Each structure stands twice: as structure tokens, then as C-alpha cells.
Amino acid sequence: MLNNSQYAALMREYQKRQIENRHRQEARIEEVYRALPQMEQFDREIGAVSLEQARKLLDGDTGALNRLRFKIGELKESREALLAVAGFAPDYMEQTYTCRECRDTGYVDGKKCRCLKQAEIAVLYGQSNLGDILNRENFDHVTYEYYDKELIVNAKEGTSQYEYMRGVIEECRSYVENFREKGGNLLFQGKAGMGKTFLTNCIAKALLDKAVTVIYLTAPDLFQILSDRRFDRGEADREERYRGVQECELLIIDDLGTELNNSLGNAELFYCLNSRGLKNLSTIISTNLQMNELRDNYSERISSRVFSDYRIIQLFGEDIRIKKKMKEKRF
């Protein structure tokens, strides 16, 4: 769990959001009032009728209450029509929220909102800079110019690398769209520079935008968390990081195979993957290892679980990062 100062800092961020969004609403209201002076009178009349409605409700006068509700409905319809004529959206003057679920309070029905859980993840796992990375690496920045239309990656079907990667991107988009209903595990496999991390970042950004709790860890960082928890049981922050790995809606393990591996690490990794599988929680793994190397480097239990429970997506071709650098040098 966060310590008091970390939690207080997060709550200050939420208060800052509330203030900024309130100021944004006030500025929009002033803008509309300047463009449509009669709108201010509409709002005053709606406020007065709403106050009268509240009084009638307390008095138990249901007949008058229904008439007032009808009157408010008429006023709001006229108000929206006036906004539309002036080119404003119907909700232009309404309060906006960074997170609609909790309305920027961090809590929904007394429980932590997903947005607050994700903010805590950023603090606990030192991922405060992840947002900057995901703003650069997401589906909006997908380009196919580095994929070869002449390179055949599936001789049987005659599929080029270009065609294959278009299919992979669509599959990643579909994974995001159906995540709430289906979830699922993915394994991206291929040589360095094939775009594995980019694809996981695209998925992470899209799911974070849908308020899914995502933890992104390199394999060495994950194994460190597993090791810390094993040898330093009881320390609150380490327990919390370990619990997050076990309970987040999506765990991304980048560059599996780059960690310092041993039998204890293997056992912890299997327990982590197995535990998440039993809870129907989703995991994405990226690795440079070939399928036979995965079998050789990890226990049979791990390779068996991955091969049976994960959709394996192989990436082919030349190092895209080198292609990008060569293009930059030409310009």
C-alpha cells in the first residue's frame, strides 16, 4: 500500500483535476453567456423551477411536482435547441471529468476507482513515465511503411510481411475491443526490433484508456519483485507490489529471457502465471526466444502452460529500428 505522503500526493492530484475541470466548465459557461445572453436567463429560470420542485417534493404535492418536472423538461429542450443553433454541443456547459466513473474523486461507492488503482500502480512500480512512452507508442502511431510487401512470411498462403502485420495489428485491436468480455493471454515472439514492445504498448495504452488496470514490467523487474517477496516477506511495499502482479487485470511481461533465471525463479514464474490463469486474469508476454529455447530455458510446466493457454503471435522480418535509423539519416 502507499504510505501516507504518497497517498496524500495522489489525492492532491485528484483535487487539482477537480479544480481544473470546474474552471474549464466556468469558462465555457461564460463563453456561452457572451454568445447567447438569453441563455443566462434560461439557467436562472431552470434553477428557480428546480428549487420550487424541491419544495413541492418536501410538501408531498405530487400533482404540482409532475407539472414542475414537465416545465423543467420544456426549458431544457429549449436550452439545448438554442445551444445547437449557436453551434454548441448540448452538453457544452456541463461539468467534465477526467474519469467519469468516479467523477475525479478516486472512489466509486466507497471503493477505489480503477483510475486510482492505476495511479497507485504508477507510484508503486516506478512507472510514472509510462504515460509519456504510451503517448508515442499507440495505435494512432501505427505505420506499415517498414513492412516488406515482397517478403513472403507464409509460403503456403503467399502472405507478405506487410499483409501479415496488418492482420496482427487488427488482431491486437480486436483483443482490446473484446477484453472486457474475453480477455485472454498473448505471447509475442520474434527477434529484437520486430515491434513486440511497440505492440504491447499499443494494447496497454488502449486498455488504460478503457480504465483497465495494467502493470507493465520487464522480465528482470518481475523476477526481482518475485524474489523480493520471497526473501523479504512482510515488508508492506513489497507485499503490495507482489499483490498487484497477482491481481491486476492485465500483466505485461516484456523481454522474457533477459532475466537472471534459476530454478527458484522458474517456480515463482509458474506460480504467478498459474495463479493469474486460475483467476481468469490476462497476461501478455514478449520474448526474443524461439519456441525450442522457451522449452529449454523454462520448466516443462511453464512451457506447457504458455503453449496451451497463450495465443502465440510470431513476428518476422528485419530489424525495424535499424530501418527507421537509416531513413532518418537519409533526411
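See the structure shown above.
As the structure is a prediction and not an experimental result, all values here were calculated from the model.

**So, the packing of aromatic side chains**
No. 1: Taken as a whole and judged by the stated rule, the model has five aromatic pairs.
No. 2: Look at F88 and Y92: their rings are 5.0 Å apart centre to centre, the planes differ by 40°, and that puts the pair in the tilted class. The pair formed by F88 and Y92 is uniform in burial state, with each residue classed as buried.
No. 3: Between Y175 and F179, the ring centres sit 5.7 Å apart and the planes meet at 65°, which makes this aromatic pair edge-to-face. Pair check on accessibility: Y175 and F179 agree, each one buried.
No. 4: Through pairs of rings, three or more aromatic residues link up here, namely Y144, Y147 and Y162.
No. 5: Above the ring of Y144, the side-chain terminus of R166 is found at 4.4 Å from the ring centroid.
No. 6: Geometry around F270 places R301 over its ring, the cationic atom sitting 4.0 Å from the centre.

**Comments concerning helix α6 (residues 161–177)**
No. 1: Taking 1.5 Å of rise per residue, the 17 residues of α6 would be expected to cover 24 Å, and the 24 Å separating its terminal C-alpha atoms lies within 8% of that figure.
No. 2: Residues of α6 that are buried: Q161, M165, V168, I169, C172, Y175 and V176. One side of α6 carries all its buried residues, which in axial view fall inside an arc of 115°.

Rules behind the numbers
- Residues numbered from 1 in each chain as written.
- Predicted model: local features only at pLDDT ≥ 70, side-chain atom pairs only at ≥ 80, totals over all residues.
- Heavy atoms only, no water.
- Phe/Tyr/Trp six-rings, centres within 6.5 Å; stacked < 30°, edge-to-face > 60°.
- Buried < 20%, exposed > 50% of the residue type's maximum accessible area, 1.4 Å probe, protein only.
- Lys NZ or Arg CZ within 6 Å of the ring centre and 35° of its normal.
- Helix = DSSP H or I, 4+ residues; strand = E, 2+ residues; numbered from the N terminus.
- Expected span 1.5 Å × (residues − 1).
- Arc of directions from axis to C-beta.

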